[in-house]
Amino acid sequence: MRVLVTGGAGFLGSHLCERLVEEGDEIICMDNLITSDLSNVSSVKDEGKFTFIKHDVSEKIKIEGDLDFVLHFASPASPVDYLNHPIKTLKVGSLGTHNTLGLAKAKDAKYLLASTSEVYGDPLKHPQKESYWGNVNPVGPRCVYDESKRFAEALTMAYHRKHGLDTRIVRIFNTYGPRMRKGDGRVIPNFINQALSNQQLTVYGDGSQTRSFNYVDDEVEGFLSLMKTDYPLPLNIGNPVEKTILELAEIIIELTDSESKIGYEKLPEDDPKTRCPDISLAEETLGWRPKTDLREGLVKTIDYFKGRLDSK
Ligand code: UDP
């Protein structure tokens, strides 16, 4: 297949590009590099079947030749990044989704939208099933990500219903692994880097909020399975093993054998109190479930950051 991956130089995008190159696909990786880095695709950039184009997909996209699949993964995704780039985040979820859907329609290509568990907001139902409509503050600081992804889902469904476009929507829950940026502000890179340098781990609030962390390789296998189906409605891909943030901090201190202590800081506004995917639909529809245990995935991620203590 000839595949366009937007956001292909980001954390998830780069793992996806690598995996698709392995499958023998030809990849066009498009990224504006505002929160990503070309070094993420260094293992595939010299492959004959890989092309990088620096472009902001919120602007019109031109691709020569045929395309079989458009994978729209471009967006700042860490709360710190999307709060730093609020307008670009809204634009890539709205204009970027419109441009990529229009391109898929023009090329008669299949389409996959990378959406997010953030569409459930601070959920009132637990665990979250795809049928839950969510509890999002439409004007709070996080709305720039939540609402742009909710709009992106609505636009994708409209292209599916109105134009018969062959679309898929994946709701991605917290994912971690090598190539997260050290300074992206998310909890796993923060805690690992704090622990490795024996600094205090910054737990926001009292640490009783929960998240459910999926290792990147499992997440990417879920995307590949979804690409092979024609299931058009949103599908959760995540790991249902739920931890409090305090538990996560303790596990990371133990795995890094660190002297670090835990410090408490203010909880960001609208920080979801719980988050856990119900993955029964993914299990039924794709036969997919995550394989990597949290500790096993964290050890690989710790090894990655150990080699990059001086990075940003
Ligand atoms: N968090 C924390 N300390 C940090 C970074 C994050 O306690 O240094 C908390 C954050 O408040 C949230 C959870 O960890 O409750 C996950 O945050 P992250 O930014 O990784 O992603 P989110 O799931 O909020 O998008």
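In this report, we go over the structure that sits alongside the text. In this text, all values refer to a predicted model and were calculated from it rather than measured experimentally. (Residues numbered from 1 in each chain as written. Predicted model: local features only at pLDDT ≥ 70, side-chain atom pairs only at ≥ 80, totals over all residues. Heavy atoms only, no water.)

### Quick look at the side chain of T229
In step 1: Looking at where T229 falls in the secondary structure, it is placed in the loop between α6 (216-227) and β11 (234-237).
In step 2: Within polar-contact distance, the side chain of T229 engages the backbone nitrogen of Y231 at 3.2 Å.
In step 3: If sequence neighbours within four positions are ignored, T229 has contacts with R168, T285 and L286. (Helix = DSSP H or I, 4+ residues; strand = E, 2+ residues; numbered from the N terminus. Polar contact = N/O pair within 3.5 Å; in protein donor to acceptor, adjacent residues only side chain to side chain. Contact = heavy atoms within 4.5 Å.)

### A short note on the site of the ligand
In step 1: Contacts to the ligand come from 18 residues, most closely from T202, Y204, R211, D271 and R275.
In step 2: Y204 is positioned such that a nitrogen or oxygen atom in its backbone is 2.7 Å from an oxygen atom of the ligand.
In step 3: Between the ligand and the protein, one listed contact pairs an oxygen atom with a side-chain N or O atom of R275 at 2.8 Å.
In step 4: Compared with its free state, where it exposes 520 Å², the ligand has 96% of that area covered by protein.
In step 5: Secondary structure elements with two or more residues in the shell around the ligand: α5 (187-196) and β8 (201-204).
In step 6: Here the residues of the shell around the ligand sort into seven nonpolar, five polar and six charged. (Near = heavy atom within 4 Å. Areas by Shrake-Rupley, 256 points an atom, 1.4 Å probe, with all protein chains shown as cover. Nonpolar A, V, L, I, M, F, W, Y, C, P; charged D, E, K, R; others polar.)

### Observations regarding the pairing of strand β4 (residues 69-72)
In step 1: Because side chains alternate across β4, one face comprises the buried residues F69 and L71, and the other comprises V70 and H72, equally buried.
In step 2: Inspection of the sheet shows strand β1 (residues 2-6) paired to β4 by four bridges, in the parallel sense. In the strand pairing of β4, L4 is matched with V70.
In step 3: Two elements, β4 and strand β5 (residues 110-116), share four bridges in a ladder whose sense is parallel. By the bridge assignment for β5, F69 is matched with K110. (Buried < 20%, exposed > 50% of the residue type's maximum accessible area, 1.4 Å probe, protein only. Pairing = 2+ DSSP bridges.)

### Structural notes on the side chain of D278
In step 1: Assignment of secondary structure puts D278 in the loop between β13 (262-265) and α8 (280-286).
In step 2: Polar side-chain contacts of D278 include one of 3.2 Å to the side chain of K129.
In step 3: Residues within four places of D278 in sequence aside, it is in contact with P127, Q128, K129, E130 and N236.

### Looking at the pattern of salt bridges
In step 1: For the structure on display, the rule yields 20 salt bridges.
In step 2: Linking R295 and E254 is a salt bridge whose minimum nitrogen-to-oxygen distance equals 2.8 Å. Taken together, the residues span a long stretch of sequence, with R295 in helix α9 (residues 294-306) and E254 in helix α7 (residues 245-256) at a distance of 41 residues.
In step 3: Several salt bridges share partner residues, and in doing so they unite E118, R142, R211, D271 and R275 into one network. (Salt bridge = Lys/Arg side-chain N within 4 Å of Asp/Glu carboxyl O.)

### As for the sheet that holds strand β2 (residues 26-31)
Within a sheet, adjacent strands bond to each other through the backbone by hydrogen bonds, running parallel or antiparallel.
In step 1: One open sheet holds the seven strands; their spatial order is β3-β2-β1-β4-β5-β6-β11, and the pairing between them is parallel. Each edge of the open sheet is held by one strand with a lone partner, namely β3 (50-54) and β11. Adjacent strand axes in the sheet meet at a mean angle of 20 degrees, parallel and antiparallel pairs treated alike.
In step 2: By the bridge criterion, five bridges tie β1 to β2 in an arrangement that is parallel. Residue pairing in the sheet places T6 in a bridge with M30 of β2.
In step 3: Those strands touched by helix α1 (residues 11-22) are β1, β2, β3, β4 and β6 (167-172), and its axis lies near 170 degrees from that of β1.
In step 4: Lying on the sheet, helix α4 (residues 143-163) is in contact with β5, β6 and β11; it crosses β5 at an angle near 155 degrees. (Axes fitted to C-alpha atoms, helices over the stretch in contact; angles between N-to-C directions.)

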